[in-house]
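For reference, the chains in residue letters:
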Amino acid sequence: MSVAAHAGTSPAVQPPEIFDRHLRRLRRDRAAPKFGQYSFLRDEIVEGLLDRLDLVKRKFGHALDLGTADGSLARALRARGIRVTATDAGARFAGDGIQCDEDRLPFTSESFDLIVSAGVLDSVNDLPGALIQCRRMLKPDGLFLAGFVGAGSLPWLRRALLDADQAAGAAVPQRVHPLVEVRSAGDLLNRAGFVLTVADGESLDVGYADPFRLMADLRGMAATNLLAGKAPPLTRGRLSNLAQSFAAHADTDGRLRERFELLFMTGWAPGPNQPQPARRGSATASLAAALKPDA
């Protein structure tokens, strides 16, 4: 493996900076010391990625772990005999690995035969560019596996925050960032040049006794608002409206179940040994003859 200057999409077509890169690094550093207390969502994603990896009947030699966080996925890969290069946007999570953003990767082409990422690609500024870089950094027939929170997540919190801001009578800021849908994820993989792509999702419902524990969980997993442009603080009045909304939507036991949609992406770098479509005109039998009824 060699390290090179990062390269994303064309400099002439730079995507907008949706997320605050500096704030994202700070939030990950803040979450690092006690991340194990709030890692349940990433743990589910890691389990899903390993399940998908274990279905592949081939050996991998060198993996890149994007967003290594507490290192649980990297450790599982090493236990399978795979060498791992770990990266993270946060310095504390990166540790002895490499600190970098997932859309500004400092690696040369064909450096890895496996790239994995758990729980970070939903907050990357240039997701199409990150996927293109990953495909280029994979050796032929290399595998890309990623999982993160997708569209449809946090439906109650999104609605409650919007209602609280509207009740305050001021301009309504965006507090929860847009998320990727399953169909869009498949399109992004194909546009990045991956083949044999699969995008699928799983739902995870988590019960909460009050809204502030939900917000504490998001803070603890570094998943609070990272959007560029500072949103106004949640004032006492907004928090009161949030608590009232929670009580109105809670079950008879006083708990509310919030949903997380987990999105998984699988794609392969093109390789010579992969199944290929038949050459046009190479058929040896006529479709019309096959469909013709017996005399």
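Attention here is on the structure that accompanies the text. Being a predicted model, the structure only gives us computed values, none of them experimental.

Time to look at the pattern of salt bridges. For the structure on display, the rule yields 17 salt bridges. We note a salt bridge from R52 to D200, for which the minimum N-O separation is 2.5 Å. On the criterion of sequence distance, the pair formed by R52 in helix α2 (residues 40-54) and D200 in strand β6 (residues 195-208) is long-range, its members being 148 residues apart. We classify R52 as buried; its relative accessible area is 17%. Through salt bridges with shared partners, a single ionic network connects E17, R21, R25, D101 and D103.

Okay, helix α8 (residues 211-220) next. Within the span of α8, buried status applies to P211, L214, D217, L218 and G220. Residues of α8 that are buried sit in contact with α1 (21-31), α2, α6 (155-168), β6, α9 (236-249) and β7 (256-268). Put simply, D210 is the residue that caps the front of α8, since its side-chain oxygen is 2.8 Å from the backbone nitrogen of F212. Once α8 ends, the next one or two residues include A222, with phi positive near 60 degrees.

Bringing the sheet that holds β6 into the picture now. Reading across from one edge, β3-β2-β1-β4-β5-β7-β6 is the order of the 7 strands in this open sheet, with mixed pairing throughout. Of all the strands in the sheet, the pair left with one neighbour each is β3 (98-99) and β6. Bridge count for β6 against β7 is 12 bridges, and the pairing is antiparallel. Residue pairing across strands places V198 opposite T266, the latter belonging to β7. Across the sheet, helix α7 (residues 182-191) touches β5 (138-149), β6 and β7, and the angle it forms with β6 is around 145 degrees.

Viewed as axis vectors pointing N to C, α2 and helix α3 (residues 72-79) meet at an angle of 25 degrees, and their least axial separation amounts to 10 Å. Relative to α3, the element α2 lies roughly parallel. Viewed along their axes, α2 and α3 form a crossing whose handedness is right-handed. For the pair formed by α2 and α3, the contact residues are R42, V46, L49, L50 and L53 on the first element and S72, L73, A76 and L77 on the second. In terms of residue class, the contact of α2 with α3 is made up of 7 nonpolar, 1 polar and 1 charged.

What follows deals with the packing of aromatic side chains. This model, assessed by the stated rule, comprises 5 aromatic pairs. Here the aromatic rings of F107 and F112 are separated by 5.3 Å at their centres, their planes lie at 85 degrees, and the arrangement is edge-to-face. The lysine or arginine in question, R52, covers the ring of F264, its NZ or CZ lying 3.8 Å from the ring centre.

Calculation criteria
- Residues numbered from 1 in each chain as written.
- Predicted model: local features only at pLDDT ≥ 70, side-chain atom pairs only at ≥ 80, totals over all residues.
- Heavy atoms only, no water.
- Salt bridge = Lys/Arg side-chain N within 4 Å of Asp/Glu carboxyl O.
- Helix = DSSP H or I, 4+ residues; strand = E, 2+ residues; numbered from the N terminus.
- Buried < 20%, exposed > 50% of the residue type's maximum accessible area, 1.4 Å probe, protein only.
- Contact = heavy atoms within 4.5 Å.
- Polar contact = N/O pair within 3.5 Å; in protein donor to acceptor, adjacent residues only side chain to side chain.
- Pairing = 2+ DSSP bridges.
- Axes fitted to C-alpha atoms, helices over the stretch in contact; angles between N-to-C directions.
- Parallel < 35°, antiparallel > 145°, perpendicular 65-115°, else oblique.
- Left-handed = near helix turned anticlockwise from the far one by under 90°.
- Nonpolar A, V, L, I, M, F, W, Y, C, P; charged D, E, K, R; others polar.
- Phe/Tyr/Trp six-rings, centres within 6.5 Å; stacked < 30°, edge-to-face > 60°.
- Lys NZ or Arg CZ within 6 Å of the ring centre and 35° of its normal.

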